[in-house]
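Survey of secondary and tertiary structure
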Amino acid sequence: MANSKNKLFRLAEILETQDISSVLRQATMLLGLMVLISGGLYLFSRDTEWSIPLRDSIVGLSIGLVIIQLIKAKYNLLAAYLALILFGGWLIKTAWDGVGIRGPSYAMLILIVIGSGLFIGKRAGYLTALVISLAGVGLLQAERHGLLTNTNRPVSDTWVLIAMTVTFFTAAHMLRVLLDQVDRALGKAQNEIKERVAAE
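Cut-offs used in this document
- Residues numbered from 1 in each chain as written.
- Predicted model: local features only at pLDDT ≥ 70, side-chain atom pairs only at ≥ 80, totals over all residues.
- Heavy atoms only, no water.
- Salt bridge = Lys/Arg side-chain N within 4 Å of Asp/Glu carboxyl O.
- Buried < 20%, exposed > 50% of the residue type's maximum accessible area, 1.4 Å probe, protein only.
- Helix = DSSP H or I, 4+ residues; strand = E, 2+ residues; numbered from the N terminus.
- 1 Å grid on protein atoms, 1.4 Å probe; cavity = no way out; pocket = protein on both sides within 12 Å on 5 of 7 lines; lining within 4 Å.
- Points joined across faces, edges and corners; volume = space filled by probe spheres on them.
- Nonpolar A, V, L, I, M, F, W, Y, C, P; charged D, E, K, R; others polar.
- Expected span 1.5 Å × (residues − 1).
- Contact = heavy atoms within 4.5 Å.
- Polar contact = N/O pair within 3.5 Å; in protein donor to acceptor, adjacent residues only side chain to side chain.
- pLDDT = per-residue confidence, 0-100.
- Patch = residues over 30% accessible without salt bridge, like charges linked within 9 Å, V, L, I, M, F, W, Y side chains within 5 Å.
- Areas by Shrake-Rupley, 256 points an atom, 1.4 Å probe, with all protein chains shown as cover.
- Axes fitted to C-alpha atoms, helices over the stretch in contact; angles between N-to-C directions.
- Parallel < 35°, antiparallel > 145°, perpendicular 65-115°, else oblique.

1. Describing the pattern of salt bridges
- Applying the stated rule across the entire model yields four salt bridges.
- Arg-55 serves as the salt-bridge partner of Asp-56, at 3.1 Å between the closest nitrogen and oxygen.
- Here Arg-55 falls in the partly exposed class, since its relative accessible area comes to 41%.
- Note that Lys-93 is salt-bridged to Asp-97, the shortest N-O span being 2.6 Å. Of this pair, Lys-93 and Asp-97 both sit in helix H4 (residues 76-97), four residues apart, which is roughly one turn of that helix.

2. What about empty space enclosed by the protein?
- This model, assessed by the stated rule, comprises one cavity of 30 Å³ or more.
- Roughly 240 Å³ of internal volume is contained in the largest cavity.
- Residue contributions to the lining of the largest cavity peak at five residues, all from H4.
- For the lining of the largest cavity, the per-class residue count stands at 15 nonpolar, two polar and no charged.

3. A word on helix H8 (residues 157-199)
- With 43 residues, H8 extends 63 Å between its outermost C-alpha atoms, agreeing within 8% with the 63 Å of an ideal straight helix rising 1.5 Å per residue.
- Among the residues making up H8, those that are buried are Trp-159, Ile-162, Ala-163, Met-164, Val-166, Thr-167, Thr-170, Ala-171, His-173, Met-174, Val-177 and Gln-181.
- Tucked inside the fold, the buried residues of H8 contact helix H2 (17-45), helix H3 (51-72), helix H5 (104-107) and helix H6 (110-119).
- Of the residues flanking the start of H8, the one acting as N-cap is Ser-156, its side-chain oxygen 3.3 Å from the backbone nitrogen of Thr-158.

4. Description of unusual backbone geometry
- Of note in this structure, Lys-74 is not a glycine but carries a positive phi near 70 degrees.
- By the secondary structure assignment, Lys-74 is in the loop between H3 and H4.
- On the basis of relative accessible area, Lys-74 is assigned to the exposed category, the value being 69%.

5. A look at H3
- Compared with the 32 Å implied by 1.5 Å per residue over 22 residues, the 32 Å span of H3 between its first and last C-alpha is a close match.
- The elements touched by buried residues of H3 are H2, H4 and H8.
- Lys-74 sits one or two residues past H3 and shows a positive phi near 70 degrees.

6. Regarding the confidence of the model for the protein chain
- In this model, the protein chain carries a mean pLDDT of 84, and residues with pLDDT of at least 70 account for 92%.
- Note on residues 1-10: pLDDT under 50 across the span, and 12 contacts to partners over four residues away in sequence or across chains.

7. Remarks on a nonpolar patch on the surface
- A contiguous nonpolar patch, built from Leu-127, Leu-130, Val-131 and Leu-134 and spanning about 400 Å² of accessible area, is present on the exposed surface.
- Within the secondary structure, Leu-130 sits in helix H7 (residues 122-144).

8. Overview of the packing of H2 against H8
- Look at H2 against H8: their axes get within 10 Å of each other, and the N-to-C directions meet at 170 degrees. Put simply, H2 runs roughly antiparallel to H8.
- Its residues assigned to classes, the contact of H2 with H8 comprises 12 nonpolar, eight polar and three charged.

Here it is in structure tokens:
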């Protein structure tokens, strides 16, 4: 029973440090790209509409850089949990400051669900999905009670496209890492079978 409980507090059994590093480096690189694009559009247009995406992108990039430093220091478990918590909290906060569940920030939380299942295990993925769904209910109720002050603010279709493109590429990279995990697990199983056959 103790072993079952401990599984909730450790990395997935076939996960390697390079897997976490690869996902987080990819995410950080794409966040850096978002900073450059939103910053360039803000400087070019002088439209304050782009100041908010620029600010949010800088916060996300800062989180990514901190997490990467933790991985370099070999705090892999801490890095994985903090990445999920901080990025999840950041996206919920940007959804609160924006248009709630109708904006791209809430849609990007799918990456946190995938990351939980990838880094920790399938049970963590389901738990994260439940937490994010409840957060969505909270955002919906907050909007209906007038607590979200920016719900009527127009959302730039260009920014939505940029945010969702980042989501697509990050999700694709996560799936590649997942398939690499499966390949390693299958390879390990095949090697064990070969060793048993050779021993017999």
